[in-house]
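# Working through the structure, step by step
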Amino acid sequence: MAKRGMPNMMHVAEHARVSLATVDRVLHGRSSVRPSTVARVMAAANQLGYVLEPTMVDRESPTRALSIVFLLPEHGPGFLALLKSVIDCTQDRWLALRVQCHIETYPTANSEAYARALLRYGRRYNGLVMIGVDDPQIHEAVRILGEEGIPVITLSSDLINVPRLAYVGMDNHAAGRTAAELMIRLMGPKNMHQRIKFALAAGSLSYRSHVEREAGFMQRVYEHPQSIDVVSLHEGRSDADGDDRRACALLKDHRDLTGIYCNSGGISAVARALKEFKLAHKVVVIGHALAPETRSLLMDGTLDACIVESHPLLVGNCVRIFANWRDGNPLTQGTEQIRIQVLFRENLP
Amino acid sequence: MSKRNLPNMKDVADLARVSVATVDRVMHQRPGVRQRTIDRVMVASEKLGYLFDTANTAPPSSNKPLSIKFLLPDAQNTFSAMLLDGIEYAQERWASHGIQCCAETYPDLNPEALAQAMLRDRQQVDGVVMVAVEHALVREAAQTLADEGVPLVCLVSDLTGAPRTAYVGMDSLVCGRTAAHMIGRFVSGVSAHGHAKVGLISGSLSLRAQVDRQKGFMQVLTRDFSNFQVVGLLEGQEQAQTNHELALELLRRHPDIAAIYCMGGGAMGVASAITQSKLDHRVVLIGHGLTPVVRRLLLDGTMDASLYQSPQALIDNAVRIFINQREGNEPTEGIEPIRVQVMLRENLP
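Now for a quick tour of the structure. Since the model is a prediction, treat every value here as computed from it, not as a measurement.

Definitions and cut-offs
Residues numbered from 1 in each chain as written. Chains lettered and ligands numbered in written order. Predicted model: local features only at pLDDT ≥ 70, side-chain atom pairs only at ≥ 80, totals over all residues. Heavy atoms only, no water. Contact = heavy atoms within 4.5 Å. Buried area = accessible area lost by both parts, 1.4 Å probe. Salt bridge = Lys/Arg side-chain N within 4 Å of Asp/Glu carboxyl O. Helix = DSSP H or I, 4+ residues; strand = E, 2+ residues; numbered from the N terminus. Nonpolar A, V, L, I, M, F, W, Y, C, P; charged D, E, K, R; others polar. Buried < 20%, exposed > 50% of the residue type's maximum accessible area, 1.4 Å probe, protein only. Pairing = 2+ DSSP bridges. Right-handed = clockwise from strand over helix to strand, strands pointing away. Axes fitted to C-alpha atoms, helices over the stretch in contact; angles between N-to-C directions.

## Quick notes on the interface of chain A and chain B
With 29 residues of chain A at the contact, the number on the chain B side is 32 residues. In total, chain A and chain B occlude about 2700 Å² of area from one another, counting both sides; carbon and sulfur atoms represent 50% of this. Contact with chain B buries surface across chain A, with A:Arg185, A:Arg339 and A:Glu346 losing the most and accounting together for 25% of the total. A salt bridge links B:Asp224 to A:Arg345; the shortest N-O distance between them is 3.3 Å. Secondary-structure elements contributing two or more residues to the side of chain A that touches chain B are helix 3 (35-48), helix 7 (172-186) and strand 11 (341-343) of chain A. With seven residues, helix 7 of chain A is the largest single contributor of residues to the side of chain A that touches chain B. Residue classes in the side of chain A that touches chain B are distributed as twelve nonpolar, seven polar and ten charged.

## Focus: the pairing of strand 3 (residues 127-130) of chain A
All names here are of chain A. Going residue by residue along strand 3, you find Gly127 and Val129 tucked away on one face and Leu128 and Met130 tucked away on the opposite face as well. In this structure, strand 3 lies alongside strand 4 (residues 152-155), joined through three bridges in parallel fashion. Paired with methionine 130 across the bridge in strand 4 is threonine 154. Between the parallel pair strand 3 and strand 4, the chain is carried across by helix 6 (residues 136-147), and the sense of this crossover is right-handed.

## Some remarks on the sheet that holds strand 3 (residues 127-130) of chain B
Residue and element names in this part refer to chain B. The five strands are arranged 2-1-3-4-5 in an open sheet whose pairing can be described as parallel. A strand with exactly one partner marks an edge of an open sheet, and here the two such strands are strand 2 (99-106) and strand 5 (166-168). Taking the axes of each pair of neighbouring strands and ignoring which way they run, one obtains an average angle of 20° across the sheet. Bridge count between strand 3 and strand 4 (residues 152-155): three bridges; the pairing is parallel. Looking at the pairing, valine 128 lines up with leucine 152 of strand 4. Running at roughly 165° to strand 2, helix 5 (residues 78-94) makes contact with strand 1 (66-73), strand 2 and strand 4 of the sheet. Those strands touched by helix 6 (residues 111-119) are strand 1, strand 2, strand 3 and strand 4, and its axis lies near 175° from that of strand 1.

Pasting the structure below:
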């Protein structure tokens, strides 16, 4: 290894048992190299932790290897850990497309640090995947990256009016409608005189995905022939105690709740309160995102249904969109629609 | 022996009592040949003094063309038609990987026709994919393919007790359990103690998928909704007209029926019987698939939910299994299992 301990192209060549010229050809896509050799070189680069520097990448070359980054919050709900492991596990699959995936993190709940991280990592890699947060500083950072020609994909939660390349994730408005539909169906038939009351436990409004789910949910609820009251509960600044207090207050004030829709991944506080008030299994609960916690709540019946999107598809679509962008293909070529998947206890994967 | 008195592959095949294709597979170290068969071929070639020259024994090139034969029930079944579309698309999508797909249909789930189709031209194909009919003849044909080293993948419906490389499709037990869970909850809400009548209309019970759906359904119904009563298990052979007549009779005898699970195709017939009996929106109907007709029934509310597997994902997974075999990987490496997806009006893709 070189003295700084950083692997260089020579190391990649040795590891892949090919010549330096071949590594060069693969990384810069200069001429045709057999797919099996491309895979070997990319795998070697990956194993050695050799990061392709944008400065080394020949911008003119249509088939150059791309080094892309998934910028994810440092601490976050359980599904993020799953997403990270999917990115790790599927890395090798994308090497044949000459795309190398990396994960970087930013400190949670601080949009200034997030904006700084966007610029830092956006400039270090050839493409960046981010979870959209509606905040002027974040918008500004994405605009700057756009001006510098760095492609950005928003994942799971979109940003609008910024120069992003694409959004990868489910239709969150339809997901909210699906949640309402499920809740109406799972509560069973009610006669015209029975009062129906839903609670919406809303996640942070900084995510467009949460806002859209809320809108979709309300729209579908209002379409129901019987009148349904909806009370809402808005999440505070990620302090667990506060969430617990608010969830308990909700159940104390509304003992006659028919259902609760948790429109973000966070469901812990609501589940604890339901158990405390002995209302688990009596109130229909619909949540989002599959994580160890949501799994166990589905299993014990506290959570009735969970709405999810496929992580491997999310990651695969991001990679393919960057490869299509590089190759000048239509961006969505080879990608698949991200479906709104409904999981009950019985069809949990 | 050939005239030059030098043994060739045909001579080895004759002596080992296997096909030339099998000798070829052994020579090129392609997977899918049983050890016993390999030994027989090696002994025969040794006896004859047939030399595997180095060019022959070189590891298979990763671009060696693969010819895959798909065998589907006849195309008047809409699902088969969608699978055929998927195969056509796969042909384009995988052409660059040297994959050639061809499709044949066999009439009326006829096991004899299927067994014949499985064995026809087997020397010319590198793999067979089929929707399996449960029958001794089909198992026997599967055994012959295994003996000769032709990999076999069961699609949508599996074959019990016969050698096959992999099964690609939803877990049918999970389908049945999910359907029972939805019916139980949609009919009785959060209290699982309600009394209700449920009808089951299956496709052909010579498909293992249908038998498993029924088993899974009964498992959950008897466990979680013990006051539900199954009235009639009818076999509609996936034909809309037959389904219509069966459902009409069922609804006439049990006008208070709460739900029907249509386990096979042809849900249109059940829906029209419900409408004709003026019971729309009063009978919960759960079906399968996402044909244009099913979409329409979901949208107009006659059908409440449908369990769905993507035809394209099915075909792609089958093709990937053969590519994995060619490259010496585990058959299902890197392949996402087919999930049971719940489709409601609101999350239609």
